[in-house]
Amino acid sequence: MGKARKGSFTPKNPKKYVGNVKDITYRSGWELRLMREFDKNPKITQWNSECVIINYWNPVKNRAAKYYPDFMIKMDNRVILIEVKPQRETARPVPAKKKSKTSAKRYINECATYAINDSKWHAATKRCKELGIDWWIITESNVDTFFPNVKFVLPKLPKTKSINRVRKRKKG
């Protein structure tokens, strides 16, 4: 994935934001797109970023940890807790067909990420049920289901050396 965007967001409708409007930080371009949608969408009457703390068990570090879901919004008299993630981080990793040290390390990292996310999301699901609020995980595959005006764009992947070598051979 490309380099993640990070920055500050200034809402055009600061009264909708619950919290310090001078301290709104996005950690990805996707979060920024949702912030803009929350700010302008008339159905969303309130929103906040990383305002909820959920305790969970981190299976990688084998200890208790705190999780801060990306957003909480109030829309259509419903309160919704939202996490934004790439689709690949929401599915169980699959080992690479071609075995190498690099693919093995990548697979181990993907497994750790998935295990942590799974633990966070189980805790979030449980907490949301206790509070009587909704829980959404938004990815590039389902964002238009929730917010039709928002599109997530996946970064273009760089060409690999093997593809470049094949192209050079065909030219020469």
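Definitions and cut-offs
Residues numbered from 1 in each chain as written. Predicted model: local features only at pLDDT ≥ 70, side-chain atom pairs only at ≥ 80, totals over all residues. Heavy atoms only, no water. Pairing = 2+ DSSP bridges. Helix = DSSP H or I, 4+ residues; strand = E, 2+ residues; numbered from the N terminus. Axes fitted to C-alpha atoms, helices over the stretch in contact; angles between N-to-C directions. Buried < 20%, exposed > 50% of the residue type's maximum accessible area, 1.4 Å probe, protein only. Lys, Arg positive; Asp, Glu negative; His and termini not counted. Salt bridge = Lys/Arg side-chain N within 4 Å of Asp/Glu carboxyl O. Polar contact = N/O pair within 3.5 Å; in protein donor to acceptor, adjacent residues only side chain to side chain. Contact = heavy atoms within 4.5 Å. pLDDT = per-residue confidence, 0-100. Phe/Tyr/Trp six-rings, centres within 6.5 Å; stacked < 30°, edge-to-face > 60°. Core = buried A, V, L, I, M, F, W, Y, C linked by side-chain atoms within 4.5 Å.

## Focus on the sheet that holds strand E8 (residues 134-138)
Read across the sheet, four strands follow the order E3-E6-E7-E8 without closing on themselves; strand pairing throughout is mixed. Single-partner strands in this sheet number two, and they are strand E3 (44-49) and E8. In this sheet, adjacent strand axes meet at a mean angle of 25 degrees when their direction is disregarded. By the bridge criterion, five bridges tie strand E6 (residues 71-75) to strand E7 (residues 78-84) in an arrangement that is antiparallel.

## So, the side chain of lysine 16
As for its placement among the helices and strands, lysine 16 is situated in the loop between strand E1 (7-8) and strand E2 (25-26). Buried within the structure, lysine 16 lacks any salt-bridge partner; aspartate 39 is the closest side chain of opposite charge, at an N-O distance of 5.7 Å. A distance of 2.7 Å separates a polar side-chain atom of lysine 16 from the backbone oxygen of asparagine 41. When neighbours within four sequence positions are excluded, lysine 16 is seen to be in contact with Phe38, Asp39, Lys40, Asn41, Pro42, Ile44, Thr45, Gln46 and Trp47.

## Let's talk about the confidence of the model for the protein
Regions with low pLDDT carry predicted coordinates that are not meant to be interpreted in detail. Put simply, the protein has an average pLDDT of 86, and 86% of its residues get 70 or more. Low pLDDT (under 50) marks residues 157-172, which in the prediction has two contacts with non-local residues, meaning those over four places away or in another chain.

## Examining the packing of aromatic side chains
Each aromatic ring pair is summarised here by two numbers: the centre-to-centre distance and the angle between the ring planes. One pass over the full model with this rule turns up nine aromatic pairs. Aromatic side chains phenylalanine 38 and phenylalanine 147 sit 5.6 Å apart centroid to centroid with 65 degrees between the ring planes, which places their arrangement in the edge-to-face category. Here phenylalanine 38, found in helix H1 (residues 29-40), pairs with phenylalanine 147, found in the loop between helix H3 (143-146) and helix H4 (161-171); they are 109 residues apart in sequence, far enough to count as distant. Each member of the pair, phenylalanine 38 as well as phenylalanine 147, is classed as buried. By way of ring pairs, the aromatic residues Phe9, Tyr17, Phe38, Trp47, Phe71, Trp136, Phe146 and Phe147 are connected into one cluster.

## Here's the deal with the environment of threonine 90
Relative to the assigned elements, threonine 90 resides in the loop between E7 and helix H2 (101-131). Look at threonine 90 and you get partly exposed, because its relative accessible area is 22%. For the pair formed by threonine 90 and aspartate 118, sequence separation is 28 residues and the distance between their alpha carbons is 7.9 Å. Excluding anything up to four places from it in sequence, threonine 90 contacts Lys85, Tyr114, Trp121, Ile137 and Thr139. At 2.7 Å, the side chain of threonine 90 and the backbone oxygen of glutamine 87 are in polar contact.

## Comments concerning the environment of arginine 33
Among the secondary structure elements, arginine 33 is positioned in helix H1. With 116 residues separating them in the primary sequence, arginine 33 and asparagine 149 have C-alpha atoms 9.7 Å apart.

## A word on the nonpolar core
Leu34, Phe38, Trp47, Ile73, Ile82 and Phe147 are the most contacted members of the largest nonpolar core, which totals 23 residues. Residue assignment for this core shows that the elements contributing at least two residues are H1, E3, E6, E7 and E8. Here this core takes five residues from H1, the largest share from any one element. Of all hydrophobic cores here, the second largest spans 13 residues; its members include Ile54, Ala65, Ala123 and Ala124.

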